[in-house]
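Chains, contacts and geometry: an overview
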Amino acid sequence: MTASATHRNGFLRRCHEAGNECVPPTDVQIVTSDGKSMPAHSSVLASASPVLERMLDRSRKGGNSERIIHVLGVPHDAVLVFVQFLYCSRSGVWSREAEEEMERHGMALLALSHAYRMRWLKRRCEAGVAARLSAVKVMDVLKLARLCDAPRLYQRCMRLVAKDSEAVRQSEGWRFVQKHDPGLEMEVLQFLQETSQREKRWRRERGDQEMYRQLSEAMDCLQHICTEGCTDVGPHNSRPPAYPCASFSTCEGLQLLIRHFAACGRKLPPKGCTHCKRMWQLLRLHSSLCDQPDSCRVPLCEQFKKKVQEEKVDRTWRLLVKKVATARVMSSLANRKVPEIVQKSRMRYRGTR
């Protein structure tokens, strides 16, 4: 007997003896595809798997004195490990040796646990196979995940295919799928297309959110410049402002735009220059967000507010105002100082995890 066989037989003995001081004699033979057989206890098999329980019941009702169960389609060593786990389900044994066997025969064990409805083992196999995924074998695992109704493993495989698609396309498994499984090939290609579209949409939305955040910051800087003054723009009849201000880069760019707007001879719409058009839009956006136009010191705020009320504002502009207002709220929440008592409670919560 080889060292590997001795190791596995010792594991089997420990598994089915773990909860029993006196082990009864075996009464079932499990026969594998190569004609080899191994003994087992019908009570253990029936308690571990409802499928095996029905097979044993049919054998008993048929009056068959020789109780034989055929487990076909996987190597003998994998069936032996599967029987070991049948005994483990009774005793709760799970050791480093079991992890090693899972690494050797994970895919075969997943197929057997699905066929014989061993849910706990199927979950272990899904996690074990998913932890050892590679671009070379991912297509084989993907096919097995479909056959065994393993959605979590299926999603892990698809994510790996999307992440390392070039290496997957070079694998033998992908070439086999292209020749013999056009349905799966179509699923993978559709998933890759949807993933690409989702990533483009996500990047576009992130870009939009950044634009709304910048506009929100520009609104704050505009009011800051016109109310408190900043460097050489705005009122200076109060105390000198702090320099540089909190949003100096935005504030500096806005000051340059204001100086250009004040000196430009083509500021009046609709023939104003590009910079002046931008300034008009910023002033209009501020008036749409301002809730105190009567006392606001930003130029033309009250006039724009009245004009908006008199005219019908288009839907696109209303949506822009709403997005910028949301960005202002989110920015204020992000910059808000968390109370000390909340910080302490968070630290206590993290410490208990």
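In this text, all values refer to a predicted model and were calculated from it rather than measured experimentally.

What follows is about the overall build of the chain. Helix and strand counts for the chain stand at 16 helices and three strands. The buried share of the chain, taken over its 353 residues, is 37%. About 22400 Å² of surface is accessible on the chain, with carbon and sulfur atoms providing 52% of the total.

What follows covers the confidence of the model for the chain. Across the chain, the average pLDDT comes to 82, with 80% of residues at or above 70. Across residues 1–9, confidence stays below pLDDT 50; counting only partners more than four residues off in sequence or on other chains, it has twelve contacts. Here residues 15–22 is a poorly scored stretch, pLDDT under 50, and it has twelve contacts once near neighbours within four places are set aside; other chains count.

Inspection of every chain in the model, using the stated rule, returns eleven salt bridges. With a closest N to O distance of 2.7 Å, R213 and E210 form a salt bridge. Here R213 and its partner E210 are both found in helix α11 (residues 182–227), three residues apart, which amounts to about one turn of the helix. The closest approach of N and O atoms between K306 and E302, which form a salt bridge, is 3.6 Å. Linking K306 with E302, this pair stays in helix α14 (residues 301–310), spanning four residues, or about one helical turn. On the accessibility criterion, K306 (46% relative accessible area) is partly exposed. What emerges from the salt-bridge pattern is a single network uniting R146, D181 and E187.

Along the polypeptide, W174 turns up in helix α10 (residues 172–180). The class for W174 is buried, based on a relative accessible area of 3%. Residues W174 and E185 lie eleven residues apart in sequence; the distance between their C-alpha atoms is 8.1 Å. In this structure W174 touches M139, V168, R169, E185, V188 and L189, once residues within four positions along its chain are discounted.

In this section: the environment of E101. Summarising the element assignment, E101 is placed in helix α5 (residues 96–115). Note: C-alpha distance between E101 and A78 (23 residues apart in sequence) is 8.6 Å.

Taken together, R54, R58, R117, R119 and R123 make up a surface patch of like positive charges. Among the elements of the structure, α3 (50–61) and α6 (119–131) are those that each provide at least two residues to the positive patch. Structurally, R58 can be placed in helix α3.

What follows concerns α6. For α6, with 13 residues, the first-to-last C-alpha span of 18 Å sits near the 18 Å given by 1.5 Å per residue. Looking at α6, one finds that the buried residues are L121, K122, C125, E126, G128, V129 and A130.

Another aspect to go through is the nonpolar core. Judged by nonpolar contacts, the single largest core of 58 residues is most densely connected at L45, M139, L153 and V188. Ranked by residues supplied to this core, first place goes to helix α4 (residues 76–91) with ten residues.

Along the chain, the position of A115 falls in helix α5. Note on A115: relative accessible area 45%, which makes it partly exposed. In the structure, A115 is positioned 66 residues away from S49 in sequence and 9.7 Å away in space, judged by C-alpha atoms.

Within this model, the largest pocket holds a volume of roughly 400 Å³. Every residue lining the largest pocket is counted, 16 residues in all, and those nearest its centre are P269, W280, R284, F304 and K307. Those elements that provide at least two residues to the lining of the largest pocket are α13 (274–289) and α14. Broken down by class, the residue content of the lining of the largest pocket amounts to eight nonpolar, two polar and six charged.

Reading the values: the criteria
- Along each chain, numbering runs from 1 in the same order as the chain's sequence is written.
- With the structure being a predicted model, the display of local features is reserved for residues of pLDDT at least 70 and the display and counting of side-chain atom pairs for 80 or more, all residues being used for whole-chain, interface and lining totals.
- Hydrogens and water molecules were not included; the side-chain quantities draw on all heavy atoms of the structure.
- Numbering of helices and strands runs from the N terminus; a helix is a DSSP stretch of H or I covering at least four residues, while a strand is a stretch of E covering at least two.
- Exposure classes here rest on a 1.4 Å probe applied to the protein chains alone. A residue is buried below 20% of its type maximum, exposed above 50%, and partly exposed in between.
- Using a 1.4 Å probe, accessible areas were evaluated by the Shrake-Rupley method; residue-level cover was limited to the displayed protein chains.
- The predictor attaches a confidence to each residue, called pLDDT, with possible values from 0 through 100.
- Should any heavy atoms of two residues lie within 4.5 Å, those residues are counted as being in contact.
- For salt bridges, the criterion is a side-chain nitrogen of Lys or Arg within 4 Å of an Asp or Glu carboxyl oxygen.
- Without a salt bridge and with relative accessible area above 30%, a residue can belong to a patch; like charges are then joined within 9 Å and nonpolar side chains (Val, Leu, Ile, Met, Phe, Trp, Tyr) within 5 Å.
- His is not counted, nor are the chain ends, whereas Lys and Arg count as positive and Asp and Glu as negative.
- To locate a charge, the coordinates of NZ of Lys, CZ of Arg, CG of Asp or CD of Glu are taken.
- A helix is expected to reach a length of 1.5 Å times the quantity of its residues less one.
- Put simply, buried Ala, Val, Leu, Ile, Met, Phe, Trp, Tyr and Cys residues joined by side-chain atoms within 4.5 Å make one nonpolar core.
- Only protein atoms enter the calculation, which uses a 1 Å grid: trapped sets of points that fit a 1.4 Å probe without letting it out are cavities, open sets showing protein on both sides within 12 Å along at least five of seven lines are pockets, and any residue with an atom within 4 Å of a point is a lining residue.
- Grid points are joined across faces, edges and corners, and a volume is the space filled by probe spheres set on the points.
- Each residue is assigned to one class: nonpolar for Ala, Val, Leu, Ile, Met, Phe, Trp, Tyr, Cys and Pro, charged for Asp, Glu, Lys and Arg, and polar for all the others, Gly among them.

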